[in-house]
Amino acid sequence: MEQRPIAGTQLSAMTSGLRGRTALVTGSTSGIGLGIARAFAGAGMNIVLNGFGKKEDIEATQHVLETSFSIRTAFSAADMSKPTDIAQMISETEASLGSVDVLVNNAGIQHVEPIESFPPEKWDAILAINLSAAFHTIRAVVPGMKARKWGRIINIASAHALVASPFKSAYVAAKHGVLGLTKTVALETAEHGITANAICPGYVLTPLVEKQIPETAQARMLTEDQVIRDVLLHAQPTHKFVTTEEIGALAVFLCSPGAASMTGAALPIEGGWTAQ
Ligand code: NAD
């Protein structure tokens, strides 16, 4: 007789061995990073939050995670455009919560404008936060992961790591770069119990996307409603935004024993966008 897996068994297999591990999620005061932090906390991991935001909101998030999931949290206000801040964030994490077992490079910004008027300072900021920060965090955590023979590196890339859209020159270049970095790190760490993968989300309705709706309306001479219907959701055959919970669940899976042989992968979670 066919044996059907029991949902609870699957869940415990997904999260087994994760309780007590420490995950550092950059840009986790909002949006996708916060969704991943919540999912990791639900799996029992201790969490280092990072990003910008009001002190009281961040403390409230820490309190909810700690009391709901019986875990420990810390917060770093490190600016991901500053390599010295990044080095300090890693050493403070190791001092407060111990080794960084799971690293999620998620912090990111966007700017939408035609290339001929694209401000060079926006190009520099997008490349620094969306790409170079991942280089700085990874190079700092890999020695410890190698020594412990276990580590998970998850880079939040984008569907824009796989395909381009007009008016996003810096973002598309940075996200394609993140994928190249992911593959290289995967090869360098493959024999050390470390995996490095890129999650490639489609549109998720976070502050980052809310901000680009008026910018895209201006660049394409459309109304904001037209941007949502004819640009953002038009790209995704599901015609639905991806949710932060769906991305959190994928990130938990990547940390689970079942994903031990997945490395160097670009994992689309974009409603079928790049299947077209
Ligand atoms: P968001 O604006 O909701 O969150 C961005 C987070 O990054 C915030 O916590 C913010 O404080 C932090 N941050 C920004 N600049 C920082 C800096 N210099 N130093 C430290 N933290 C900084 O955005 P989001 O949509 O959740 O995006 C998160 C990631 O997901 C980004 O890398 C983005 O490119 C990627 N992504 C988003 C979408 C989407 O549709 N929202 C799609 C694909 C990929």
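Above this note sits the structure.
About the thresholds
- Residues numbered from 1 in each chain as written.
- Predicted model: local features only at pLDDT ≥ 70, side-chain atom pairs only at ≥ 80, totals over all residues.
- Heavy atoms only, no water.
- Near = heavy atom within 4 Å.
- Polar contact = N/O pair within 3.5 Å; in protein donor to acceptor, adjacent residues only side chain to side chain.
- 1 Å grid on protein atoms, 1.4 Å probe; cavity = no way out; pocket = protein on both sides within 12 Å on 5 of 7 lines; lining within 4 Å.
- Sits in = over half its atoms within 2 Å of the grid points.
- Helix = DSSP H or I, 4+ residues; strand = E, 2+ residues; numbered from the N terminus.
- Nonpolar A, V, L, I, M, F, W, Y, C, P; charged D, E, K, R; others polar.
- Pairing = 2+ DSSP bridges.
- Axes fitted to C-alpha atoms, helices over the stretch in contact; angles between N-to-C directions.
- Contact = heavy atoms within 4.5 Å.
- Phe/Tyr/Trp six-rings, centres within 6.5 Å; stacked < 30°, edge-to-face > 60°.
- Buried < 20%, exposed > 50% of the residue type's maximum accessible area, 1.4 Å probe, protein only.
- Lys NZ or Arg CZ within 6 Å of the ring centre and 35° of its normal.
- Core = buried A, V, L, I, M, F, W, Y, C linked by side-chain atoms within 4.5 Å.
- Expected span 1.5 Å × (residues − 1).
- Bend = angle between axes of the 7 residues up to and from the residue.
- Parallel < 35°, antiparallel > 145°, perpendicular 65-115°, else oblique.
- Left-handed = near helix turned anticlockwise from the far one by under 90°.
- Points joined across faces, edges and corners; volume = space filled by probe spheres on them.
- Salt bridge = Lys/Arg side-chain N within 4 Å of Asp/Glu carboxyl O.

1. Comments concerning the site of the ligand
So, point 1. Close contacts around the ligand come from 30 residues, with Thr29, Ser30, Tyr171, Val204 and Thr206 the closest.
So, point 2. Within the backbone of Phe52, a nitrogen or oxygen atom sits 2.8 Å from an oxygen atom of the ligand.
So, point 3. Separating an oxygen atom of the ligand from a backbone N or O atom of Val204 is a distance of 2.7 Å.
So, point 4. One can see that the ligand is located within the largest pocket.
So, point 5. Of all elements in the fold, only α2 (31–42), α6 (169–189) and α7 (207–220) reach the threshold of two or more residues within the shell around the ligand.
So, point 6. Among the elements that make up the shell around the ligand, the one with the highest residue count is α7 (three residues).
So, point 7. Taken together, the residues that form the shell around the ligand break down as 16 nonpolar, 12 polar and two charged.

2. Description of the sheet that holds strand β6 (residues 194–201)
Note: strands within a sheet are paired through backbone hydrogen bonds, in either parallel or antiparallel orientation.
So, point 1. With respect to topology, seven strands assemble into an open sheet ordered β3-β2-β1-β4-β5-β6-β7, the strand pairing being parallel. Strand pairing shows two members of the sheet lacking a second neighbour, β3 (73–76) and β7 (266–269), which therefore form its edges. Here the strands of the sheet are splayed against their neighbours by 20° on average, with no regard to which way each runs.
So, point 2. Two elements, strand β2 (residues 46–50) and β3, share four bridges in a ladder whose sense is parallel. Bridging across to β3, Val48 finds its partner in Ala74.
So, point 3. Against the sheet, helix α9 (residues 244–255) contacts β4 (102–105), β5 (151–156), β6 and β7, and its axis sits at roughly 165° relative to β6.

3. Focus: the packing of aromatic side chains
So, point 1. Summed over the entire model, instances satisfying the criterion amount to one aromatic pair.
So, point 2. With centroids separated by 5.2 Å and ring planes inclined at 15°, the aromatic side chains of Tyr203 and Trp273 adopt a geometry described as stacked. Highlighted residues: Tyr203 in the loop between β6 and α7 and Trp273 in the segment after β7, separated in sequence by 70 residues. The same class applies to Tyr203 and to Trp273, which are both buried.
So, point 3. Sitting over the face of the ring of Trp150, Arg21 holds its NZ or CZ atom 3.7 Å from the ring centroid.

4. As for the nonpolar core
A general feature of soluble globular proteins is that nonpolar side chains tend to end up buried together.
So, point 1. One finds Ile36, Phe40, Ile47, Ile154 and Ile199 to be the most contacted residues of the largest nonpolar core, which totals 32 residues.
So, point 2. Mapped onto this core, the elements with two or more residues apiece are β1 (22–25), α2, β2, β4, β5, α9 and β7.
So, point 3. Ranked by residues supplied to this core, first place goes to α9 with six residues.
So, point 4. Apart from the residues lying within four places of it in its own chain, the contact partners of Phe40 are Ala23, Val25, Met45, Ile47, Val102, Val104, Ile154, Ala251, Val252 and Cys255.

5. Some points on helix α5 (residues 120–148)
So, point 1. Over its 29 residues, α5 runs 41 Å from end to end, which matches the ideal 42 Å to within 8%, given 1.5 Å per residue.
So, point 2. For α5, the principal kink sits at Ser132 and spans about 40°.
So, point 3. Positive phi shows up at Lys149, right after α5, with a value of about 60°.

6. Looking at the packing of α5 against α6
So, point 1. Look at α5 against α6: their axes get within 8 Å of each other, and the N-to-C directions meet at 15°. Classified by the interaxial angle, the pair formed by α5 and α6 is roughly parallel. The interaxial crossing formed by α5 with α6 has right-handed handedness. Side by side, α5 and α6 meet where Trp123, Ile126, Leu127, Asn130, Leu131, Ala134, Phe135, Ile138, Val142 and Lys146 of the first sit next to Ser169, Ala170, Tyr171, Ala173, Ala174, Lys175, Gly177, Val178, Leu181, Val185, Glu188 and Thr189 of the second.

7. What to know about the layout of surface pockets
Empty space left among the atoms is revealed by rolling a probe the size of a water molecule over them.
So, point 1. The volume enclosed by the largest pocket comes to roughly 850 Å³.
So, point 2. For the lining of the largest pocket, the secondary-structure elements that each account for two or more residues are α2, α5, α6 and α7.
So, point 3. With five residues, the top contributor of residues to the lining of the largest pocket is α7.
So, point 4. Of the residues belonging to the lining of the largest pocket, the class tally is 17 nonpolar, 17 polar and five charged.
So, point 5. Considered as a void within the structure, the second largest pocket measures approximately 160 Å³ in volume.
So, point 6. Taken together, Phe135, Ile138, Arg139, Val142, Lys146, Leu181, Thr184, Val185, Glu188 and Thr189 make up the full set of residues lining the second largest pocket.

8. Details of the pattern of salt bridges
So, point 1. Applying the stated criterion across every chain, the model contains five salt bridges.
So, point 2. Here Lys82 and Asp79 are joined by a salt bridge, their closest N and O atoms 3.8 Å apart.
So, point 3. For Arg229, the salt bridge is made with Asp230, and the minimal N-O distance between the two is 3.0 Å.
So, point 4. Accessibility expressed as a relative area gives 53% for Arg229, which makes it exposed.

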